Amino acid sequence: MAFRFLSPLHAFLAALFVLCLAGQADALELKPFKDDLFAYPATLSTGDGGAYTVIDYREMRDINQRDEVPEKRVHPQYTDTGVRKAQQDLMLKTDAGDVRHIAVGKTQGAALIVLYLHGQGGSRKQGVDDFTFGGNFNRLKNLMAGNGGLYLSPDFPDFGDKGAAQVAALIDHYAEQSPGAKIFVACGSMGGALCWKLAARNDTGRRINGLLLLGSLWDESFLASPAFRRHVPVFFGQGSHDVVFPVANQEAFFRSIIARSKAYPYPTRFVRFETGTHGTPIRMVDWRGTLNWMLSKAP
């Protein structure tokens, strides 16, 4: 039998390949939580190489049948309020100001960190309400607590530089407590202004690992941001009947990310909820499926 010895370069490359495979095998994947209840309805169409999906949303089914009291209280089977045992209402003092926030899960040594930034008129309490938005925030809380993660829902003073500075300070604090955690920021409605500001900052733009825009706005400056250069995954969820932020504008921005990126394909996804309105993506986003995709693509 003949033996073929590898050169040092080939040996190094082979070892690197094995390490990459091992890293992929060890990548975090969130365990299911009520996946059957929160699965997307039927897919109507796809495009952009599978990155764009149109979902069959129906108000009578997805609100009126899902909720015990429409838009105010979901049916009990959609929630598990035992997760409140892992929930704390906290205050963090920072150089940018005091940041009141609610934390669910591990405040130290978390496997991943997810933040939700509310829109106009919201507060930290919106992101931890167990019963509104079809129980979807309760699902997110349970996914984080059940997978060794940390979920944060903060207050902030505005959607400008001051608000961004406080959220950045919050991220910095918890990133130091969980140095191995991937960090994902979800922004609802006007909260998207903060998502784009965080992406543009030198500190958070080089630290965050994914952005979720839910019924939100677009910002061309993202295309020159540190987060864009790192190919940070971006998820868009938008209702086709959103009168606050028109779906056509967000779809055009989504496609501009693909067109402008040197990465092919850029890690971005767009889910259009057909007939959905402004708040539909917060109610309907599949947190587990989206976060697992982001974990697989995160820098």
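Starting afresh in each chain, residues are numbered from 1 along the sequence in its written order. For this predicted model, a pLDDT threshold of at least 70 governs which residues receive local features, and a threshold of 80 or more governs which side-chain atom pairs are given and counted, while totals over whole chains, interfaces and linings are taken from all residues. For side-chain calculations, the full set of non-hydrogen atoms in the structure is used, while hydrogens and water are omitted.

For the chain, an unreviewed UniProt entry supplies the name Alpha/beta hydrolase and the organism Mesorhizobium huakuii.

(A) Expanded view of the pairing of strand β1 (residues 43-47). By the bridge criterion, 4 bridges tie β1 to strand β2 (residues 52-56) in an arrangement that is antiparallel. Bridge assignment links serine 45 to a residue of β2, and that residue is valine 54. Any two strands with at least two DSSP-identified bridges between them are counted as paired. Think of it this way: any DSSP run of H or I at least four residues long counts as a helix, any run of E at least two long counts as a strand, and we number them from the N terminus. Hairpin connection, β1 to β2: the antiparallel pair is bridged by 4 residues, and aspartate 48 has positive phi, about 50°.

(B) The arrangement of the pattern of salt bridges in detail. Salt bridge, as applied in this entry: a Lys or Arg side-chain nitrogen positioned within 4 Å of an Asp or Glu carboxyl oxygen. Applying the stated rule across the entire model yields 20 salt bridges. In this structure, aspartate 130 and lysine 141 form a salt bridge, with 2.8 Å as the shortest nitrogen-oxygen distance. In this pair, aspartate 130 is assigned in the loop between β7 (112-117) and α4 (136-146) and lysine 141 in helix α4, connecting sequence segments 11 residues apart. Throughout this description, buried means an accessible area under 20% of the type-specific maximum (1.4 Å probe, protein chains only), exposed means over 50%, and partly exposed covers the range between. For lysine 141, a relative accessible area of 0% puts it in the buried group. Several salt bridges converge on common partners, so that one network encompasses Glu29, Asp35, Arg139, Asp286 and Arg288.

(C) Examining the pairing of strand β12 (residues 268-274) more closely. Across the 7 residues that make up β12, a large majority, 5, are buried. The pairing of β2 with β12 spans 5 bridges and is parallel. The residue of β12 that forms the bridge with valine 54 is arginine 272. Pairing geometry for strand β11 (residues 234-239) and β12, over 6 bridges, is parallel. Bridge assignment links glutamine 238 to a residue of β12, and that residue is arginine 272. A clockwise path from the first strand over the helix to the second, with the strands pointing away from the viewer, defines a right-handed crossover. Of the crossover connections in this fold, the one passing from β11 over helix α8 (residues 247-260) to the parallel β12 is right-handed.

(D) Up close: the packing of α4 against helix α10 (residues 287-297). As a packed pair, α4 and α10 sit with axes 10 Å apart at the nearest point and diverge in direction by 45°. With respect to α10, the axis of α4 lies oblique. Across the interface between the two elements, Asn136, Phe137, Arg139, Leu140, Leu143 and Met144 of α4 pack against Trp287, Arg288 and Leu291 of α10. Only Asp, Glu, Lys and Arg are considered charged, only Ala, Val, Leu, Ile, Met, Phe, Trp, Tyr, Cys and Pro nonpolar, and every remaining residue, Gly among them, polar. Classifying every residue of the contact of α4 with α10 by side-chain character gives 6 nonpolar, 1 polar and 2 charged. To obtain an axis, a line is fitted to C-alpha atoms, over the contacting stretch when the element is a helix, and the angle between two such axes runs from 0 to 180 degrees between their N-to-C directions. Should an angle fall under 35 degrees it is taken as roughly parallel, and over 145 as roughly antiparallel, whereas 65 to 115 is taken as roughly perpendicular and any remaining angle as oblique. Should any heavy atoms of two residues lie within 4.5 Å, those residues are counted as being in contact.

(E) Broad picture of empty space enclosed by the protein. Computed over the protein atoms alone on a 1 Å grid, cavities are sets of points where a 1.4 Å probe fits but cannot get out and pockets are open sets with protein on both sides within 12 Å along at least five of seven lines; a residue lines them when it has an atom within 4 Å of a point. Grid points are joined across faces, edges and corners, and a volume is the space filled by probe spheres set on the points. Taken as a whole, this structure holds 1 cavity of 30 Å³ or more when the rule is applied. Approximately 40 Å³ is the volume attributed to the largest cavity. Residue lining of the largest cavity: Phe38, Ala39, Tyr40, Pro41, Arg66, Asn136, Arg283, Met284 and Val285, and that is the complete set. When grouped by side-chain class, the residues that make up the lining of the largest cavity number 6 nonpolar, 1 polar and 2 charged.

(F) Summary view of α4. Of all the 11 residues making up α4, 9 are buried; the element is thus mostly covered by neighbouring parts of the structure. Within α4 the residues assigned to the buried category are Asn136, Phe137, Asn138, Arg139, Leu140, Lys141, Asn142, Leu143 and Met144. Residue glycine 148 follows α4 closely and has a positive phi angle near 70°.

(G) Representation of the state of the cysteines. In plain terms, two cysteine sulfur atoms within 2.5 Å form what is called a disulfide here. Considering all chains together, one arrives at 1 disulfide under this definition. Here cysteine 187 pairs with cysteine 195 through a disulfide, and the sulfurs are 2.2 Å apart. Across the disulfide from cysteine 187 to cysteine 195, rotation about the S-S bond amounts to roughly 90°, and the bridge is consequently right-handed. According to the relative accessible area criterion, cysteine 195 is buried, its value standing at 0%.

(H) Focus on the packing of aromatic side chains. Working definition: a ring pair exists when centres of Phe, Tyr or Trp rings (six-membered ring for Trp) sit within 6.5 Å. Plane angles under 30 degrees give stacked, over 60 give edge-to-face, the rest tilted. For the coordinates displayed, the defined rule picks out 17 aromatic pairs. Aromatic pair tryptophan 196 and phenylalanine 236: ring centres 6.5 Å apart, planes at 40°, arrangement tilted. Pair noted here: tryptophan 196 is in helix α6 (residues 192-200) and phenylalanine 236 is in strand β11, with a separation of 40 residues, a long-range link. In this pair, the class of tryptophan 196 matches that of phenylalanine 236, namely buried. Members of the aromatic cluster, each reached through a chain of ring pairs, are Tyr52, Trp196, Phe222, Phe228, Phe236, Phe253, Phe254, Tyr266 and Phe270. A positively charged side chain is recorded as over a ring if its NZ (Lys) or CZ (Arg) lies within 6 Å of the ring centre. The angle to the ring normal must also be within 35 degrees. Over the ring of phenylalanine 131 we find arginine 73; its NZ or CZ atom is 3.9 Å from the centre of that ring. The cationic tip of arginine 255 hangs over the ring face of tyrosine 52; the distance from NZ or CZ to the ring centre is 4.8 Å.

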